[in-house]
Amino acid sequence: MTVTPLMQAEQAVLGAALLEPRQLSHLAGWLRPEHFYRPTHSALYAALLDLRAEGHPATKAPPVTPVPLAWVNDTRDRASAHTRGITASFMHSLVSACPRPGHASVYGRMVLEGAIHRSVTEHADRLHQAARDDAARGTGVEESLHHAQVLTDVLDDLARRWGTEPRPAPTAKPSRAPAPPCGIAEERLLADEELLLGTLVAHPKELPEVMGWLRPEDFVDPGHDRVYRALGALHHRGEPVDQLTVLWECQRRGALADSMLDADRVRRLCNSAAGGSAGYFGEQVIDASLLRTAAYSARQVRVLAGNEALAPGRLISQATAALVPLDEVRRRRAKAAADSEPKYAPDAPLASPPPVRSAAARARSSLSHTGISAQQDRSAPPPSPVRQRPRKSRL
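Remember, it's a predicted structure, so these values are computed and weren't measured experimentally. (Residues numbered from 1 in each chain as written. Predicted model: local features only at pLDDT ≥ 70, side-chain atom pairs only at ≥ 80, totals over all residues. Heavy atoms only, no water.)

Peer 1: Break down the overall build of the protein for me, with residues and values.
Peer 2: In terms of helices and strands, the protein carries 17 helices and 0 strands. Considering the protein as a whole, with its 395 residues, one finds that 39% of them fall into the buried category. Sequence-distant contacts, at least 24 apart, represent 74% of the contacts inside the protein between residues at least 6 apart. Here the protein displays about 23300 Å² of accessible surface, and carbon together with sulfur accounts for 55% of that area. (Helix = DSSP H or I, 4+ residues; strand = E, 2+ residues; numbered from the N terminus. Buried < 20%, exposed > 50% of the residue type's maximum accessible area, 1.4 Å probe, protein only. Contact = heavy atoms within 4.5 Å. Areas by Shrake-Rupley, 256 points an atom, 1.4 Å probe, with all protein chains shown as cover.)

As structure tokens, this is what we get:
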């Protein structure tokens, strides 16, 4: 069986640690057992780290002291509890594969470099699969958001371990992600886009809210992109929005001359309003855009990770740059979700007014005793005059 350079590097790291246990002090801070490709090598390196943490006598011996055989035997016994196939001859092959124990740090970086390529490929595959599954189910984007965040965290962690910082990606105009293959998911998405455009034409007051987070490149249909741009132009200039003004703006922008649209289709889109809010349909459109962008970015990262000639620092930087469009859509979707939340809780108790205002209200509503008497005196009818009996004449 042909031994690849990466496999030999893993053997050399273990051989260096077996020949010179003090080399572990140069590796323990950044090289971990999961960075090894072969499970046997991973178990052996974990056993070496455990023995070092427990204060094995071999790790405290002076450099000129020969390594005791117990160091090799204890490492083999500890690793054999987790994996099979670790024999005395296998341990000897590891020692023989190490050219120079003093180069253990260099061999360790080779192992880490291979782990970086594998890890980035693995998490890019998971993101791509999650995006495809979410698009097929049509029930949300939570799984894709989770794996996108995991991939971002993995790149940050690998950058720290490799000792480099991801280079800032150049600011570029967002590009449209490739459309998904034709199917039920795309038909549903096209229907949501049509309903969104019709609702915006019927209710132009909803344009400012939607245009705060929805971009033309979020539409999967280029014709819908052109109509949405026309709506944005009319809103920006403060002009009225209706079927005719949208059709005229599409013509002015050349959308009717490149066979993407025709007048009948624009009229049909403008009349496709249905029950529901533009915000709801817009969220469906941006969710689909996020899934397309996630799948496209994951494919780009996977291609980068598959290039073994790409140095780890460049791989991390370029993979981080490939995720920039996805991060941009994630931020806009978060803004859409925040705008759609109710501003006030429906069952929230009414806030009590300030004490000073309450006291003033009570003072205005209560009258003093004197005021009440005076008011009663003014409102009471005047007393009737006392009629005196006529006196009888004595005559």
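Peer 1: I'd like a description of the packing of helix H13 (residues 278-305) against helix H14 (residues 312-322), backed by residues and values.
Peer 2: At their nearest, the axes of H13 and H14 sit 9 Å apart, and the two run at 170° to each other. By the criterion of interaxial angle, the relationship of H13 to H14 is roughly antiparallel. Of H14, the residues touching H13 (which contributes Ser297, Gln300, Val301, Leu304 and Ala305) are Leu315, Gln318, Ala319 and Ala322. Looking at the contact of H13 with H14 residue by residue, the classes come out as 6 nonpolar, 3 polar and no charged. (Axes fitted to C-alpha atoms, helices over the stretch in contact; angles between N-to-C directions. Parallel < 35°, antiparallel > 145°, perpendicular 65-115°, else oblique. Nonpolar A, V, L, I, M, F, W, Y, C, P; charged D, E, K, R; others polar.)

Peer 1: Tell me about helix H12 (residues 263-270), and please be specific about residues and values.
Peer 2: It helps to recall that an α-helix has 3.6 residues per turn; residues three or four apart then point in one direction. Of the residues making up H12, those classed as buried are Arg265, Val266, Leu269 and Cys270. Mapping the buried residues of H12 onto a view down its axis gives an arc of 135°, with all of them on the same face. (Arc of directions from axis to C-beta.)

Peer 1: Got a sec to walk through the environment of arginine 126? Specific residues and values, please.
Peer 2: In this fold, arginine 126 is placed in helix H6 (residues 104-137). Put simply, arginine 126 and leucine 151 are 25 residues apart on the chain and 9.0 Å apart in space, counted from C-alpha to C-alpha.

Peer 1: Describe the pattern of salt bridges, listing the residues and the values that go with them.
Peer 2: Under the criterion given, the structure shown has 22 salt bridges. Between arginine 332 and aspartate 218 there is a salt bridge, and its shortest N-O distance comes to 2.6 Å. In this pair, arginine 332 sits in helix H15 (residues 324-340) while aspartate 218 sits in the loop between helix H9 (207-211) and helix H10 (222-237), placing the two residues 114 residues apart along the sequence. For the pair arginine 332 and aspartate 218, a shared accessibility class is recorded, and that class is buried. (Salt bridge = Lys/Arg side-chain N within 4 Å of Asp/Glu carboxyl O.)

Peer 1: Can you explain the packing of aromatic side chains? Please cite residues and give values.
Peer 2: Within the structure shown, the criterion is met by 3 aromatic pairs. Between the aromatic rings of phenylalanine 36 and tyrosine 45, the centroid separation amounts to 5.0 Å while the plane-to-plane angle is 35°, which identifies the pairing as tilted. On the accessibility criterion, phenylalanine 36 (4% relative accessible area) is buried. For tyrosine 45, a relative accessible area of 0% translates into the label buried. With a centroid separation of 5.4 Å and an interplanar angle of 70°, the aromatic rings of tyrosine 280 and phenylalanine 281 are classed as edge-to-face. Cation over ring: arginine 109 sits above tryptophan 162, and NZ or CZ is 4.0 Å from the ring centre. (Phe/Tyr/Trp six-rings, centres within 6.5 Å; stacked < 30°, edge-to-face > 60°. Lys NZ or Arg CZ within 6 Å of the ring centre and 35° of its normal.)

Peer 1: How would you sum up the confidence of the model for the protein? Please name residues and give values.
Peer 2: Taken residue by residue, the protein gives an average pLDDT of 84. The fraction at 70 or more is 80%. Throughout residues 343-353 the model reports pLDDT below 50, and contacts reaching past four residues in sequence, or to other chains, amount to 2 contacts. Under a pLDDT of 50 for its full length, residues 384-395 has, in the predicted model, 0 contacts with residues more than four places off or in other chains. (pLDDT = per-residue confidence, 0-100.)

Peer 1: Tell me about the side chain of serine 272, and name the residues and values.
Peer 2: Structurally, serine 272 can be placed in the loop between H12 and H13. Among the residues examined, serine 272 registers a relative accessible area of 16% and is labelled buried. In this structure the side chain of serine 272 is engaged in a polar contact, spanning 2.7 Å, whose partner is the backbone oxygen of glutamate 194. Within the local environment of serine 272, its side chain forms a polar contact with the backbone oxygen of leucine 269, the two atoms lying 2.6 Å apart. (Polar contact = N/O pair within 3.5 Å; in protein donor to acceptor, adjacent residues only side chain to side chain.)

Peer 1: Requested: an account of the state of the cysteines, with residues and values cited.
Peer 2: If you walk through the whole model with that rule in mind, you get 0 disulfides. Summary of cysteine pairing: cysteine 250 is not part of a disulfide, and the nearest cysteine sulfur, belonging to cysteine 270, is at 7.1 Å. (Disulfide = S-S within 2.5 Å.)

Peer 1: Describe the packing of helix H7 (residues 142-162) against H14, naming the residues involved and giving the relevant values.
Peer 2: Direction vectors running N to C along H7 and H14 enclose 155°, while the axes themselves pass 10 Å from each other. Taken as axis vectors, H7 and H14 run roughly antiparallel relative to one another. Judged by the sense of rotation from one axis to the other, the crossing of H7 with H14 is left-handed. Two secondary-structure elements touch here, H7 through Leu155, Leu158, Ala159 and Trp162 and H14 through Pro312, Gly313, Ile316, Ala319 and Thr320. When its residues are assigned to classes, the contact of H7 with H14 shows 7 nonpolar, 2 polar and no charged. (Left-handed = near helix turned anticlockwise from the far one by under 90°.)

Peer 1: Talk me through the environment of proline 39; I want residue IDs and the actual numbers.
Peer 2: Within the fold, proline 39 resides in helix H2 (residues 39-53). Expressed as a C-alpha distance, the spacing of proline 39 and histidine 82, which sit 43 residues apart in the sequence, is 9.4 Å.

Peer 1: Quick rundown of the side chain of histidine 117? Include the residues and the values.
Peer 2: Inspection of the secondary structure puts histidine 117 in helix H6. Setting aside residues no more than four positions away along its own chain, histidine 117 makes contact with Ala305, Asn307, Glu308, Leu310 and Leu315.

Peer 1: For the environment of cysteine 250, give the residues involved together with the corresponding values.
Peer 2: Here cysteine 250 shows up in helix H11 (residues 243-252). Here cysteine 250 falls in the buried class, since its relative accessible area comes to 1%. For the pair cysteine 250 and valine 227, spaced 23 residues apart in sequence, the C-alpha separation works out to 6.5 Å. Sequence-distant contacts of cysteine 250, that is, excluding residues within four places in its chain, are made with Arg226, Val227, Ala230, Ala255, Leu256 and Val266.

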